[in-house]
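# A look at the structure
Spelled out from the first residue to the last, the chains are:
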Amino acid sequence: MAKLKTSSSQNELDTFNECRRHNELGFNETDKRATGRNRVGTISFNEADELFRSWLNENTWPYDALLFDPRVFTFIQEKTSRLIANKLRGRLVPREGSDVLAAKINNELLQFQWDQAEYGGTMLSKWSMMDMNTRKYGSSFALCKWRYECDDKGKVLFDGPEMQLLNNRDFAHDLSATAIENANWVQVRQYVTLHELQYVNDQSHGKPIYKNLDKLKDAIGQDTGDMRGGDSRSTNWVSRNRAIAGLEVDPVGKDLVFKTVEIVTEYRRNRWITFSPKHGVVIRDILNPYQNNEIPVVMLRYIAIDDDLYGLSEIEPVKGLQKAINALLSQYVDEINQKLYSPIAIGPGVRQHTLEWGKGAR
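Residues numbered from 1 in each chain as written. Predicted model: local features only at pLDDT ≥ 70, side-chain atom pairs only at ≥ 80, totals over all residues. Heavy atoms only, no water.

A word on helix α3 (residues 71-83). Counted at 1.5 Å a residue, the expected span for α3 with its 13 residues is 18 Å, and the 18 Å between its end C-alpha atoms agrees. Buried within α3 we find V72, I76 and T80. Here the buried residues of α3 occupy an arc of 45° about the axis, which is enough to place them on one side. Where α3 is buried, its residues touch α2 (45-52), α5 (123-137) and α9 (319-340). (Helix = DSSP H or I, 4+ residues; strand = E, 2+ residues; numbered from the N terminus. Expected span 1.5 Å × (residues − 1). Buried < 20%, exposed > 50% of the residue type's maximum accessible area, 1.4 Å probe, protein only. Arc of directions from axis to C-beta. Contact = heavy atoms within 4.5 Å.)

For α9, spanning 22 residues, the distance from its first C-alpha to its last is 32 Å, which sits close to the expected 32 Å at 1.5 Å a residue. Considered for burial, the residues of α9 that qualify are K319, Q322, N326, A327, S330 and D334. End-on view of α9: buried residues confined to an arc of 130°, all on one side of the axis. Facing away from the buried side of α9 by over 90 degrees, the exposed positions are L321, L328, Y332, K339 and L340.

So, about the sheet that holds strand β7 (residues 271-276). Strand order in this open sheet of five strands is β3-β4-β6-β7-β8, and the pairing throughout is antiparallel. Each edge of the open sheet is held by one strand with a lone partner, namely β3 (171-173) and β8 (281-287). Across the sheet, the axes of successive neighbouring strands diverge by a mean angle of 20°, strand direction being ignored. Each of β6 (260-268), β7 and β8 touches helix α7 (residues 213-220); the most contacted strand, β6, lies at about 140° to it. (Pairing = 2+ DSSP bridges. Axes fitted to C-alpha atoms, helices over the stretch in contact; angles between N-to-C directions.)

Looking now at the side chain of R189. Tracing the backbone shows R189 in strand β4 (residues 185-193). Here the side chain of R189 touches D170 through a polar contact of 2.9 Å, side chain to side chain. Ignoring any residue separated from it by four or fewer positions in sequence, one finds R189 in contact with F27, R169, D170, N236, W237, E262, I263 and V264. (Polar contact = N/O pair within 3.5 Å; in protein donor to acceptor, adjacent residues only side chain to side chain.)

Next comes the structure, spelled out in structure tokens:
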């Protein structure tokens, strides 16, 4: 028995090291895409968010006027509104010799499942967000799995397929992949509570089986009264949208009651591995429960680029023009203000070199 335990622990350690290596490689590239670090001439996720939100940094903007022409927001919002205005209605059409009744039943089932999949918003709102993220970042991703949720007493709260929109900053992929279909693995990072791990399942029926939860409890101080809120998201990335709005940039990991744990799931075609990179714990290692040899992630991409999983952001080609328009508008308003409030007179004691010229000088 001792040898079996040692062998099992060694296999678990080997699995963790494999996933950690993938984690370092994949999220290092994701971080470059998010911040623009060591990338010249491209647009980062943060910069795309700033242009979409029509935001100007007042501290570094060289003009008194803060004018932003909202063209980026307008063309993205208008495209999404026209493309996804009504419920997407796919349907099954029976071919010759097939079962017509079964097709009608499955059509009704698809309609029902579409209406029921409202975790994190309606399906229409999630596809709208995917469309906007694709135009901003180049690609967007969603996790499509079965969701089985019950309460403490075992009462089933939800049992059906679900689509979860992923934040691009929490998604990493096989660097050699050009599509989800030819990727050997992808990783999805999540911030969940221990309650979710205990009572939410992403397989079809049955209770979730996670191991080493006691180690995670000790790590975040769930039972010891530790005054930390669990794993913080700010160690990985900070919300640019919340910073622009002047809100708390990292609320995740500060709740002392519902403490969060950072977990990463590596999805392979034949295997799902869930682990905690910060605490060195593998909490699940199972075969693909759907037995379809596919990764349960869908990707939306409009403009493909040769050998990159991501497509081209629609903001990137017009980024320079957008900034030039903002500069010209602000400069023009500053010029008008200077002419409206020109100096009336300069005393005889003032010499040329004592005048200070700069932002807002007259």
